[in-house]
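# A structural walkthrough
Chain residues, written in single-letter form:
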Amino acid sequence: MTHMPHSLPHRGVEAWKWSDVNRAVADDMRGLDAAAPVQIFVPEGVTVTRTDVQTSANDTTLYKLASDYAGQVWDIVVPDGFTSENPIQIEGLTHGHAQISLRLGKGAKVQLVEHYDGQAGAFVNSHLNIKLAETAVLDRVIVQTDPEDCVRIATTHVTAWATSELIQHALAFGGKLSRLETRMAGMGQGVKATINAAYLLDGKRHCDMTSYIDLACPDGHIRQNVKGVTEDKARGVFQGKFHVRRPAQHTDARMRHDCIMLSETSEIRSKPELEIYADDVVCEHGNTIGALDESALFYMRQRGIPLSQARAMLTEAFLGSVFDTLEDEVMRESLLEKLRGWLARS
């Protein structure tokens with residue numbers, strides 16, 4: 001039995017009430033007290049080194065665990081003005097704990113691709129700290145394809161300075177419990193972010209999409225669009241919050257979460273929030289949970305399209321729109337192919 005030096009998040013903690021990590025983790029899971037294997041591939045001109053872990057009394061439980069077991073931080077540095085057609089790639093992370101730092105210099109523009117594919121019966125706890133200097137642009141793509149008995153917590157902290165931009169797209173298939181969390185601090189004027197995601201869950205899989213966007217400066221522009229599909233006894237969770245501080249005047253921030261339940265036994269829990277202290281802003285959120293359009297299904301059946309194909313076509317059209325903002329056509333098609341593969345099995 002593995003002894004954990006810090007208690008895991010549980011449903012008694014408000015931010016984790018729908019994603020009880022403590023309950024999901026078994027004592028014999030691989031990776032509870034080990035460093036995660038990490039593979040990082042970078043284009044020429046980008047450096048990767050190892051640095052010591054920095055901790056504080058305010059660190060979360062999961063961050064403290066990563067500090068205890070991950071060893072040194074993987075430190076990725078993109079120099080000022082850097083651009084490349086080749087992405088930074090982060091792979092491995094099949095079990096255990098990891099800490100990774102990514103720093104983009106002023107005016108740098110790069111794509112980051114992360115593939116999360118854990119081992120069966122594994123626990124994975126990774127923390128990625130991203131810093132975007134002025135006018136830097138990060139195009140981030142996350143693909144999560146863990147087995148159904150894997151527990152994964154992937155937490156990202158983004159610090160964005162003036163006129164920097166984060167473009168993020170995620171495709172997730174859940175696991176025994178998975179949580180992809182993005183926390184962003186807008187620390188400069190004119191920060192932009194597009195944070196889009198799709199999750200597809202079957203069986204007893206669980207996926208939690210949590211985000212917290214904290215804006216402290218004016219003229220921020222945020223767009224968030226998360227869509228999900230659940231069937232069988234799967235469980236989807238969406239928690240999104242925009243925190244607009246008083247100096248963040250002229251913020252334009254909009255959030256949507258839309259989900260389709262393909263079975264009455266699946267579950268969706270959602271909590272979109274706005275906390276606004278500035279008085280000259282445009283901020284809104286929307287949330288819908290429903291089923292496939294029966295009239296559209298009937299129309300397609302009348303034209304000879306089999307029911308399973310009609311359902312797949314409508315589901316793909318529903319989910320695929322979250323990737324319309326992904327400029328990389330090859331990557332967008334790759335994500336859509338994975339989506340179609342899931343629909344073909346269902």
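Residues numbered from 1 in each chain as written. Predicted model: local features only at pLDDT ≥ 70, side-chain atom pairs only at ≥ 80, totals over all residues. Heavy atoms only, no water.

With that out of the way, let us pick up the side chain of S266. For S266, the position within the fold is in the loop between strand 16 (252-261) and strand 17 (267-276). Here S266 falls in the buried class, since its relative accessible area comes to 5%. Engagement of the side chain of S266 in a polar contact is seen with the backbone oxygen of S263, the distance being 3.0 Å. Sequence-distant contacts of S266, defined by excluding residues within four places in its chain, comprise T230, E231, D232, K233, A234 and M261. (Helix = DSSP H or I, 4+ residues; strand = E, 2+ residues; numbered from the N terminus. Buried < 20%, exposed > 50% of the residue type's maximum accessible area, 1.4 Å probe, protein only. Polar contact = N/O pair within 3.5 Å; in protein donor to acceptor, adjacent residues only side chain to side chain. Contact = heavy atoms within 4.5 Å.)

At T163, a position not held by glycine, the phi torsion is positive, near 55 degrees. For T163, the location among the structural elements is in the loop between strand 9 (151-160) and strand 10 (165-172). The class for T163 is partly exposed, based on a relative accessible area of 44%. The backbone phi angle of D219 is positive, close to 70 degrees, even though this residue is not glycine. Looking at the secondary structure, you find D219 in the loop between strand 13 (206-215) and strand 14 (221-230). Judged by relative accessible area, D219 falls into the partly exposed class, the value being 31%.

Each α-helix winds once per 3.6 residues, and so residues spaced three or four apart point in a common direction. With 14 residues, helix 4 (residues 307-320) extends 20 Å between its outermost C-alpha atoms, agreeing within 8% with the 20 Å of an ideal straight helix rising 1.5 Å per residue. Along helix 4, the residues that are buried comprise A310, T315, F318, L319 and G320. Of the surrounding elements, those touching the buried residues of helix 4 are strand 12 (192-201), strand 14, strand 16, helix 3 (294-302) and helix 5 (329-345). (Expected span 1.5 Å × (residues − 1).)

With their axes 10 Å apart at the nearest point, helix 3 and helix 4 run at an angle of 130 degrees to one another. Relative to helix 4, the element helix 3 lies oblique. As helix 3 packs across helix 4, the resulting crossing turns out to be right-handed. Facing A296, L297, M300 and R301 of helix 3, the residues of helix 4 in contact are L307, A310, R311, M313 and L314. Its residues assigned to classes, the contact of helix 3 with helix 4 comprises 7 nonpolar, no polar and 2 charged. (Axes fitted to C-alpha atoms, helices over the stretch in contact; angles between N-to-C directions. Parallel < 35°, antiparallel > 145°, perpendicular 65-115°, else oblique. Left-handed = near helix turned anticlockwise from the far one by under 90°. Nonpolar A, V, L, I, M, F, W, Y, C, P; charged D, E, K, R; others polar.)

Side chains I88, I90 and G92 project from strand 4 (residues 88-92) onto a buried face, and the interleaved Q89 and E91 project onto a face without burial. When strand 1 (residues 38-41) meets strand 4, the two strands line up antiparallel, connected through 4 bridges. Residue pairing for strand 4: V38 is matched across the bridge by G92. Here 3 bridges tie strand 4 to strand 6 (residues 109-116), and the two strands are oriented parallel to one another. (Pairing = 2+ DSSP bridges.)

Counted according to the given criterion, the structure contains 19 salt bridges. Close ionic contact of E275 with K241 constitutes a salt bridge, the shortest N to O distance being 2.7 Å. Pair noted here: E275 is in strand 17 and K241 is in strand 15 (residues 235-244), with a separation of 34 residues, a long-range link. In this structure, the salt-bridge partner of E316 is R340, at a minimum N-O distance of 2.9 Å. One end of the pair, E316, is in helix 4; the other, R340, is in helix 5, with 24 residues separating them in the sequence. Taking the relative accessible area as the measure of exposure, E316 reaches 23% and is therefore partly exposed. Note on R340: relative accessible area 27%, which makes it partly exposed. Bridged by salt links that share partners, the residues R179, E181, R183 and D208 form one connected network. (Salt bridge = Lys/Arg side-chain N within 4 Å of Asp/Glu carboxyl O.)

In this structure, the largest pocket occupies an estimated 600 Å³ of space. Around the largest pocket, the lining is made up of 27 residues, and of these Y63, N129, K131, H157 and T159 lie nearest the centre. A per-class count over the lining of the largest pocket returns 9 nonpolar, 11 polar and 7 charged. Approximately 520 Å³ is the volume attributed to the second largest pocket. (1 Å grid on protein atoms, 1.4 Å probe; cavity = no way out; pocket = protein on both sides within 12 Å on 5 of 7 lines; lining within 4 Å. Points joined across faces, edges and corners; volume = space filled by probe spheres on them.)

Quick look at the sheet that holds strand 1 now. One open sheet holds the 9 strands; their spatial order is 1-4-6-8-10-12-14-16-18, and the pairing between them is mixed. Strands at the two margins of the open sheet, each flanked by one partner only, are strand 1 and strand 18 (282-290). Averaged over all pairs of adjacent strands, the angle between their axes in this sheet comes to 5 degrees, without regard to strand direction. In this structure, strand 10 lies alongside strand 12, joined through 8 bridges in parallel fashion. Looking across to strand 12, one finds that A172 is bridged to Y199. Taken strand by strand, helix 5 contacts strand 6, strand 8 (137-144), strand 10, strand 12 and strand 14, and its axis lies near 20 degrees from that of strand 8.

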